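# Coordinate inspection notes
Here is what each chain is made of, one letter per residue.
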Amino acid sequence: MFYVCGQARGSLVNSKTIRYAPFMTVTVRFAPSPTGRIHIGNARTALFNWLFAMNNKGRFIQRFDDTDVARSTQEFSDAILYDLHWLGIFPDATEYQSRRFEIYDAAVEKLKAARLLYACYETPEELDLRRKVRRTRGLPPVYGREALTLTAEQVAEYQADGRRPHWRFLLPNFTSDPLQPERTEIHWNDLVRGEETVDLASLSDPVLMREDGTYLYTLPSVVDDIEMGISHVIRGDDHVTNTGVQLALFQALGAEPPVFGHHNLLTTASGEGLSKRSGALSIESLRETGIEPMAVASLAVLVGTSENVVAVQTMAELAERFDPAATSKSAAKFDPDELFVLNRALLHHMPFSEARDRLIVLGISGEQAEPFWLAVRGNLDRLADAAIWWRTLRDGPQEQPDFSDADRDFLRQAFDLLPEDPWNGSVWKEWTGRIREATGRKGKALFTPLRLALTGQPSGPELADLLPLLGREGTLARRP
Ligand code: GLU
């Protein structure tokens, strides 16, 4: 048997442009379970969807897969929205699966009526035992559909014992007898990975509903993708096998499936996956560390693709570089330290107009704010560090440097040579020219003590830029 899915909607024109039927609005969704804070790997999925929507003038739905009501919380949903906004993602709509159970119940009735959902009474221990037996017989460890062979008496007995059924979806991997599954390939043209195939005979019929009537992820996801008009499902490649099952479910519910795309997952340099539960590399922690949103977005999107990882200044520019088909198939290893490199690069080029409001929050305002920003931005690891330089320029070095007698004599002589007001743009050049001539010092021997006296630091922004900010009075106040 042979199914081909997900191709009817678009035809690939080149690797970046996909032509769709004119009536179709591209609609994507980002669907985390709100069971923790999102990390940079989740941000990759969200951004792939967001950039895809941007490039196709589409809609982005924020969907919370919160059917697991015991582990999902409103606080985590809110925090995820906050993190998305911080990254520069503004959903067109926000949906919660926990508020949509009636819609899933209706789909269940439809599947039951079509005899595609069947009741099973096995306990986890019984299933485990069966799997072991199958393995020893050299059979694949999938569910053998024993529940389909139960007699009415056996069912009555289970029910009398107080057992409640869980419900499995009958995968279409047989011709007429479900107990004789046969190889059934489901094919789709993956937006990221190209031709993909899943053999439905290699899978167990998935449980869609638990004993207590609660839903597992599979059915609500498909029902919502149908109901919300999702045209493209872009998610991590840990869902490739699910896609085989879900394509069958779309078909069972009489719906045309969306186009699927599965991107590679991010792992740390040692190959470890990221987990929402551990909080490692959460968007929250990166924000608190002072990493810029576009540094996170640049790395999250460009790593593990054929593009170079560079600091991209705006989301619009990142969208231009984004091409799902340029994503590699293997895991995308990354080094968190790269975030700091990208962060510095972003700050070094950040125009004042972009920094202004954030500098005001740090207490940096007035007519000196712009020249100050242009002077210090090239030396910042984090934007908030600008406050340290601002304080240093306003109040003097935090700690008075310890000068040798020779350096102190040199500095006193140097400060006496400071040009008179009014200063122009070349005051630094003029001053150091005078010092060189009078003292004979040059290079490091000249500059290091001056820098230490003026800033208290052995390195930092160009002194030529800082001097006009200090002014003549401010400079003289630093004479040791
Ligand atoms: N809640 C699922 C997850 O976080 C969503 C997967 C999907 O996009 O369908 O993995």
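Remember, predicted model here, so these are calculated numbers, not experimental data. (Residues numbered from 1 in each chain as written. Predicted model: local features only at pLDDT ≥ 70, side-chain atom pairs only at ≥ 80, totals over all residues. Heavy atoms only, no water.)

### So, the confidence of the model for the protein
Of the residues in the protein, 95% reach a pLDDT of 70 or more, and the chain-wide mean stands at 93. Low pLDDT (under 50) marks residues 1-22, which in the prediction has 58 contacts with non-local residues, meaning those over four places away or in another chain. (pLDDT = per-residue confidence, 0-100. Contact = heavy atoms within 4.5 Å.)

### Considering the pattern of salt bridges
The tally for this structure, following the rule as stated, stands at 30 salt bridges. Here Asp83 and Arg37 are joined by a salt bridge, their closest N and O atoms 3.1 Å apart. Within this pair, whereas Asp83 is found in helix α2 (residues 74-87), its partner Arg37 is found in the loop between β4 (27-30) and α1 (40-55), the two being separated by 46 residues in sequence. For the salt bridge of Arg63 with Asp224, the shortest nitrogen-to-oxygen distance reads 4.0 Å. In this pair, Arg63 sits in strand β5 (residues 59-64) while Asp224 sits in helix α6 (residues 218-227), placing the two residues 161 residues apart along the sequence. The residues Arg63 and Asp224 share a single accessibility class, namely buried. Shared partners join several salt bridges into a network, and the residues in it are Arg29, Arg63, Asp65, Arg100, Asp224 and Asp225. (Salt bridge = Lys/Arg side-chain N within 4 Å of Asp/Glu carboxyl O. Helix = DSSP H or I, 4+ residues; strand = E, 2+ residues; numbered from the N terminus. Buried < 20%, exposed > 50% of the residue type's maximum accessible area, 1.4 Å probe, protein only.)

### Digging into the packing of aromatic side chains
By the definition in use, this model includes 12 aromatic pairs. Ring plane angle 70 degrees and centroid distance 4.9 Å describe the contact between Phe48 and Phe322, whose orientation is recorded as edge-to-face. A residue pair is termed long-range when its members are at least 10 positions apart, and Phe48 in helix α1 and Phe322 in the loop between α10 (315-321) and β15 (332-334) qualify at 274 residues. According to the relative accessible area criterion, Phe48 is buried, its value standing at 0%. Their ring planes at 80 degrees and their centres at 4.9 Å tell us that Phe372 and Trp390 sit as a pair that is edge-to-face. Here Trp390 lies in helix α14 (residues 386-395) and Phe372 lies in helix α13 (residues 369-376), a separation of 18 residues in the sequence. Take Trp390: its relative accessible area is 14%, and that puts it in the buried class. The residue whose ring lies beneath Arg168 is Tyr143, and the NZ or CZ to ring-centre distance is 3.9 Å. Its end group placed over the ring of Phe410, Arg441 keeps NZ or CZ at 4.2 Å from the ring centre. (Phe/Tyr/Trp six-rings, centres within 6.5 Å; stacked < 30°, edge-to-face > 60°. Lys NZ or Arg CZ within 6 Å of the ring centre and 35° of its normal.)

### Overview of the nonpolar core
Generally speaking, nonpolar side chains in soluble globular proteins are found buried as a group. Core analysis: the largest hydrophobic core is formed by 49 residues, its most contacted members being Ile40, Leu47, Leu51, Val301, Leu318 and Phe334. The contacts of Phe334, once residues within four sequence positions are left out, are Ile40, Leu266, Thr267, Thr268, Ala269, Leu274, Leu281, Leu299 and Val303. Core analysis: the next-biggest nonpolar cluster, separate from the first, contains 37 residues, Ala386, Leu393, Val427 and Leu469 among them. (Core = buried A, V, L, I, M, F, W, Y, C linked by side-chain atoms within 4.5 Å.)

### Considerations on the site of the ligand
Around the ligand sit Arg29, Ala31, Pro32, Ser33, Asp65, Tyr217, Ser221, Arg235 and His239, and those are all the residues in its vicinity. Arg29 has a polar side-chain atom sitting 2.6 Å from an oxygen atom of the ligand. Within the side chain of Arg235, one N or O atom sits 2.8 Å away from an oxygen atom of the ligand. Within the complex, the protein chains bury 79% of what would otherwise be the 300 Å² of accessible surface of the ligand. Tallied by class, residues from the shell around the ligand come to three nonpolar, three polar and three charged. (Near = heavy atom within 4 Å. Polar contact = N/O pair within 3.5 Å; in protein donor to acceptor, adjacent residues only side chain to side chain. Areas by Shrake-Rupley, 256 points an atom, 1.4 Å probe, with all protein chains shown as cover. Nonpolar A, V, L, I, M, F, W, Y, C, P; charged D, E, K, R; others polar.)

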